[in-house]
Amino acid sequence: MTPQGASMLLAGRLPGPSASSYPCPPAVTRARGGAVGPALPGARTLPGPGDRREAARPGDACSSAASPDDVIEGQPFHPRRASELHRSMRILWRPFGFLRRLLKVESCRITESESLSPIAWTSLIQKLSRAAGIFLVDQRKRLSTMPEMETSERESELFSPPSDVRGMTKLDRTAFKKTVTIPVLKVRKEIVNKLIRSLKRAALQRPGIKRVIEDPKDEESRLIMLDPYKMFTNDSFEEAELTVLKQLNVSPQISKYNLELTYENFKSEEILRAVLPEGQDVTSGFSRVGHIAHLNLRDHQLPFKHLIGQVMIDKNPGITSAVNKINNIDNTYRNFQMEVLSGEENMMTKVRENNYTYEFDFSKVYWNPRLSTEHSRITELLKPGDVLFDIFAGVGPFAIPAAKKNCTVFANDLNPESYKWLLHNCKLNKVDKKVKVFNLDGKDFLQGPVREELMQQLGPLSKERKHSVHIVMNLPAKAMEFLGAFKSLLDGQPCSSELLPIVHCYSFSKDANPAKDVQQQAEAVLGISLDACSSVHLVRNVAPNKEMLCLTFQVPAAILYKDQTLDLENHEDPPPLKRQRTDKAFSEDKTTFA
């Protein structure tokens, strides 16, 4: 049954060939001011609270069997068929309990003109039973999200800050006080622990709010907070819950409790959504660098920047400083200017990544916690004894784990601050004897220390070498420009193709096919096709329509060695790297090595 069909059912119109083939759903009545619910066929809409007659509620078992009083005038009474109809309607109606309240159906009666013959009753029962079965099978796929979505929206209204904080630019925590009415269940304090496990569905699940509080009127009792969007009356408890309540001698009577919410009870996203202009993007995420929350605010958020910074500090334990990047990383040293929004101005920080410790001045070096997985991925490609050249090493997130893996590491960075902290972190992680550190321009590093080491690694004795050589170039904005340094880098006879160095070069792409784009960038610099010896790994999405990727390839001998007689178009290609398919969203290959 589709949502449209459900709405028609609730509105009193079942789809079908003719009006006479399908009656309206059961009449919806009110009993003594209680909840609205479907009545049995033949029931009348009650005039109001003064009438003592009871009407059946949704989900209730039929309180009494059908009787001759239910017979519609002019039609014979069929107790069995009427009972079957009641059961079918009850099964079908139960899942619509929420929708009924949502659509506010008031009443729909079966009148004499809409009465059914015995054959029609039988047909109706079969159709309703079948429809109920279809609905129960399909409700999870189609309609189950409707109450969840509505509940989420209404919950956000109930537990959102007061509306008068809109536009606040200087944080006033006292302005966030609000009182809400919550259903509660009174229980003896000695059985709270036993009972709370059985009331997980009914209990309030709200971070920052206790589910069990003291009863201000009775020291021997406790109040269990219930979900205000699931628990309306005593009948909101499920049968299993009622059984437990009965076993523990607890009355299912639900009471109301006025709960005062304060600034401490609201999430950071809820606070910012209430403060910022309606409809604007809300920033609740940030990069954490030790005690520093690093934000990247948009223009419309800047008038609220100091408030946003303070909220980030308040709502995230361990954060004592919030900063905002105020320019792009486009300078020589790969750091950026930042503004302290709130908290302390101390940028000296300590971070822990993949079981290694790094210390540095965040205002003077480059560090991105979002690259933790990539640092680990490259480390896993290395084997003990391998050689790693880290051209743009930063403070050591590639170099130090590789050294811990007993690799020979040559690490370089042009930024004097990065060089200083790289040395410091090598000592801090006890790998200073395994890492050779340089403070050179990337091109000078490639044509100097890297060239000298490669001449030894790939020289006449290289046939006996069993380890691999890896070159990491993590400078996405400019790394491709440095690939030209590999041209004619080495002298002498080329080594065997399986010993050629493996390059991991990072780049950004805004192209519709980013993998193809970064490969073409490298081919344009090198002047040779990399189809047979390269693969691409998607690192992360940096911004809308901007990807960070890693191109992995073996440097062709025709590029690496001088005075080669090999024709560039017919040179011996190295064997292709072993590959692993990525997901469909990114169709190119990503590299893994045996």
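Report follows, based on the coordinates. (Residues numbered from 1 in each chain as written. Predicted model: local features only at pLDDT ≥ 70, side-chain atom pairs only at ≥ 80, totals over all residues. Heavy atoms only, no water.)

## Quick look at the packing of helix α8 (residues 268-275) against helix α9 (residues 305-315)
For step 1, the next point in the chain: Close contact between α8 and α9 brings their axes to 10 Å; oriented N to C, the two are set at 160°. In terms of orientation, α8 lies roughly antiparallel with respect to α9. Considering the relative orientation of α8 and α9, their crossing is right-handed. Note on element contacts: α9 touches α8 through L307, I308, V311, M312 and K315, opposite S268, I271, L272 and V275.
For step 2, the next point in the chain: Split by residue class, the contact of α8 with α9 holds 7 nonpolar, 1 polar and 1 charged. (Axes fitted to C-alpha atoms, helices over the stretch in contact; angles between N-to-C directions. Helix = DSSP H or I, 4+ residues; strand = E, 2+ residues; numbered from the N terminus. Parallel < 35°, antiparallel > 145°, perpendicular 65-115°, else oblique. Left-handed = near helix turned anticlockwise from the far one by under 90°. Contact = heavy atoms within 4.5 Å. Nonpolar A, V, L, I, M, F, W, Y, C, P; charged D, E, K, R; others polar.)

## Examining the packing of aromatic side chains
For step 1, the next point in the chain: Tallied over the full model, the rule gives 7 aromatic pairs.
For step 2, the next point in the chain: When the centroid spacing of 5.5 Å and the interplanar angle of 70° are considered together, the rings of F176 and Y263 count as edge-to-face. Here F176 is found in the loop between α5 (145-158) and β3 (178-188), whereas its partner Y263 is found in the loop between β6 (254-261) and α8, with 87 residues between them in sequence.
For step 3, the next point in the chain: For the ring pair F389 and F410, a centre distance of 5.0 Å and an interplane angle of 25° mean the geometry is stacked. (Phe/Tyr/Trp six-rings, centres within 6.5 Å; stacked < 30°, edge-to-face > 60°.)

## Brief notes about the pattern of salt bridges
For step 1, the next point in the chain: Under the criterion given, the structure shown has 16 salt bridges.
For step 2, the next point in the chain: Across the pair K186 and D215 runs a salt bridge, and its minimum N-O distance is 3.7 Å. A residue pair is termed long-range when its members are at least 10 positions apart, and K186 in strand β3 and D215 in strand β4 (residues 212-215) qualify at 29 residues.
For step 3, the next point in the chain: Using a relative accessible area of 10% as the deciding quantity, one classes D215 as buried.
For step 4, the next point in the chain: When the shortest N-O distance is used, the salt bridge between D218 and K186 registers 3.8 Å. (Salt bridge = Lys/Arg side-chain N within 4 Å of Asp/Glu carboxyl O. Buried < 20%, exposed > 50% of the residue type's maximum accessible area, 1.4 Å probe, protein only.)

## Looking at the side chain of E353
For step 1, the next point in the chain: You can see E353 is positioned in strand β11 (residues 348-353).
For step 2, the next point in the chain: Nearest to the buried, unbridged E353 among oppositely charged side chains is R352, at 10 Å.
For step 3, the next point in the chain: Side-chain polar atoms of E353 contact the side chain of H375, separated by 2.7 Å. (Lys, Arg positive; Asp, Glu negative; His and termini not counted. Polar contact = N/O pair within 3.5 Å; in protein donor to acceptor, adjacent residues only side chain to side chain.)

## Some details on unusual backbone geometry
For step 1, the next point in the chain: Here the phi dihedral of N355 falls at roughly 75°; this positive angle occurs in a residue that is not glycine.
For step 2, the next point in the chain: In the Ramachandran plot, S488 falls in the positive-phi region, its phi being about 55° despite a non-glycine side chain.
For step 3, the next point in the chain: Its location among the elements puts S488 in the loop between β16 (469-473) and β17 (502-509).

## A closer look at the sheet that holds β16
For step 1, the next point in the chain: Ordered in space as β15-β14-β13-β16-β17-β19-β18, the 7 strands form an open sheet in which the pairing is mixed. Of all the strands in the sheet, the pair left with one neighbour each is β15 (435-438) and β18 (534-543). For this sheet, the mean angle separating the axes of adjacent strands, direction not counted, is 15°.
For step 2, the next point in the chain: Relative to strand β19 (residues 546-554), β18 runs antiparallel, the two being bridged by 8 bridges. Bridge pairing in β19 places R540 opposite M548.
For step 3, the next point in the chain: Docked against the sheet, helix α10 (residues 372-381) engages β16, β17, β18 and β19, running at close to 160° with respect to β17.
For step 4, the next point in the chain: Set on the sheet, helix α12 (residues 416-428) makes contact with β14 (408-412) and β15; between it and β15 the angle comes to about 165°. (Pairing = 2+ DSSP bridges.)

## What about the sheet that holds strand β5 (residues 218-225)?
Neighbouring strands of a sheet are bound in pairs by backbone hydrogen bonds; such pairs are parallel or else antiparallel.
For step 1, the next point in the chain: Strand order across the open sheet formed by 4 strands is β4-β5-β3-β6, with antiparallel pairing between neighbours. Each edge of the open sheet carries a strand with a single partner, namely β4 and β6. Sheet twist, expressed as the average angle between the axes of neighbouring strands with direction ignored, equals 45°.
For step 2, the next point in the chain: Note that β4 and β5 share 4 bridges and pair antiparallel. Note on β5: the bridge partner recorded for E214 is R222.

Any functional reading would require information that these geometric values do not contain.
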